Amino acid sequence: MSLHEKSDGILETTVTWADLERNLRSALKTEAKFGKNKSVIDIGGGKGFVSRCGLVACDWEGAEAAEKLPGQIVIKIPSLLPYRKLNDSLPEGQRMLDGSDATWEMMEGKLREVHDTEVATYEFFESFDGLQMPKMYYGMQYGKEDKTCGQICLQFVENSRMMNFHENHTVEQVRQIAVALGKLQACSLKKEPTAPELHKNFFEDIAKATTIEGYRGMYKALLALDNSVSTSELSTKIDKLLPDYYQSSLPTTIHRQLGFRPVLVNGDVRTENVLIHTDTGDLAAIVDWQCTHLGVGVEDLIRITLFALTAEERRHSAQMLIAEMYDSLVANLDGAEPPYTLEMLRELYDLLFPRCALYFAGGSIMLIMNQMNDQSLSQEVKETRKEVELDKV
């Protein structure tokens, strides 16, 4: 069984109901079992591209009166099915991957690694209180022999929804995320991250898997979305800049080059990996920790401002948001030394912005192209969303 082909498990993955029930019962230390009305719905469709996420209604039977078992949980299972669908939907010359069997096998290996990284991340943070991330009931890493067992079972964050790339969010919402990120970064300065999975160079590995022609194809697809003179000029400028940034691993190496003690960085704080309260819009949780690595925290801030804010609001609020994240970091250190000053962090923002922005733009163009091919959306909705998204790109 592979991670890029359909299987007969939950949400077409390799994980079965028997696997989920056995592992969750063990984690909760319960004799109760799933009832006949257990169910799962896909809550990640179109939002995540290297996993299938399902909201499971457990329908417990045989629970003790004093037991407080979760009625709903989230199961996250590594899968390349969503990414393969996205990649294959794009025209030749605009795809990030060539689609060969060897390429998908290589991607499977990387997917197993990042899944193990996510499990290690939740295990690292579980000893800290008051963090805005869901509780992990259990996490199954891949073994040397078993290449299909990977899964994470998480707390369901009620009364929440994903932020969306096609929406313009508020500076206040991003400020709350900046404060939460500062607190998370402080944890890795109070306790040394020793798990080997947290010391991998994710961006360097991903860059090696993509040719410069693949990147150029993504950026040229921008002209298919907007063929104006200004966008044509922008595409030419990107084409000239790309060789300087192609295969750059700066986000995961800059702390070593400049001599800073690193913090744990999520590496993928985009809108679809942030949950907000349905009623208030306030931050509920930061999810998806597959790209966790050691670096400087401003990388996460750059990414969420690119995905969440209009270009104008991002520029006007950048300095304030950097200060909010830094102040939160310092306030939660409990006596540990901050790795850099606020002024140094501002300089790190400027150094990392081009690399993060180019990576964001290339991936976002793919997302917009896929959205324009979505038959479930009306043309009016597509055009409205595209206008918001292209402003950010």
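Described below are features of the structure shown in this document. Just so you know, these numbers come straight off a predicted model, no measurement behind them.

Bringing the overall build of the chain into the picture now. In terms of regular secondary structure, the chain is built from 13 helices and 12 strands. At 21 Å, the chain has a C-alpha radius of gyration in line with the 21 Å of a compact globule built from 393 residues. Principal-axis analysis of the C-alpha atoms places the extent of the chain at approximately 65 × 55 × 45 Å. Relative to its full complement of 393 residues, the chain shows a buried share of 54%. Considering only residue pairs separated by 6 or more positions, the chain has 73% of its internal contacts joining residues 24 or more positions apart. Counting only carbon and sulfur atoms, one obtains 49% of the accessible surface of the chain, whose full area is about 17700 Å².

We now examine empty space enclosed by the protein. Using the criterion set out here, one finds three cavities of 30 Å³ or more in the structure. Quantified by volume, the largest cavity comes out at close to 100 Å³. Counting only elements with at least two residues in the lining of the largest cavity, the list comes to α6 (212–220), α8 (229–245) and α12 (342–372). When residues in the lining of the largest cavity are grouped by element, the largest group, three residues, is from α12. Looking at side-chain class alone, the lining of the largest cavity contains seven nonpolar, one polar and one charged residues.

Membership of the largest hydrophobic core comes to 86 residues, with the highest contact counts inside it found for F125, I177 and Y340. The element best represented in this core is α12, accounting for 14 residues. Every residue in contact with I177, bar those within four places of it in the chain, is listed here: M163, V269, V274, L283, I286 and I304. By size, the runner-up hydrophobic cluster in this structure holds 16 residues, among which are I10, L11, V15 and F34.

Moving on to the pattern of salt bridges. By the definition in use, this model includes 19 salt bridges. A salt bridge links E113 to K110; its shortest N-O distance comes to 2.7 Å. With E113 and K110 both in helix α3 (residues 101–125), this residue pair falls three residues apart, about one helical turn. On the basis of relative accessible area, K110 is assigned to the buried category, the value being 15%. In this structure, the salt-bridge partner of R175 is E172, at a minimum N-O distance of 2.9 Å. Residue R175 and its partner E172 are located together in helix α4 (residues 171–190), separated by three residues, close to a single helical turn. R175 sits in the partly exposed class, given a relative accessible area of 25%. The partly exposed category is assigned to E172, whose relative accessible area is 37%.

Thresholds, definitions, all that
Residues numbered from 1 in each chain as written. Predicted model: local features only at pLDDT ≥ 70, side-chain atom pairs only at ≥ 80, totals over all residues. Heavy atoms only, no water. Helix = DSSP H or I, 4+ residues; strand = E, 2+ residues; numbered from the N terminus. Rg over C-alpha atoms; globule rule 2.2 N^0.38 Å. Buried < 20%, exposed > 50% of the residue type's maximum accessible area, 1.4 Å probe, protein only. Contact = heavy atoms within 4.5 Å. Areas by Shrake-Rupley, 256 points an atom, 1.4 Å probe, with all protein chains shown as cover. 1 Å grid on protein atoms, 1.4 Å probe; cavity = no way out; pocket = protein on both sides within 12 Å on 5 of 7 lines; lining within 4 Å. Points joined across faces, edges and corners; volume = space filled by probe spheres on them. Nonpolar A, V, L, I, M, F, W, Y, C, P; charged D, E, K, R; others polar. Core = buried A, V, L, I, M, F, W, Y, C linked by side-chain atoms within 4.5 Å. Salt bridge = Lys/Arg side-chain N within 4 Å of Asp/Glu carboxyl O.

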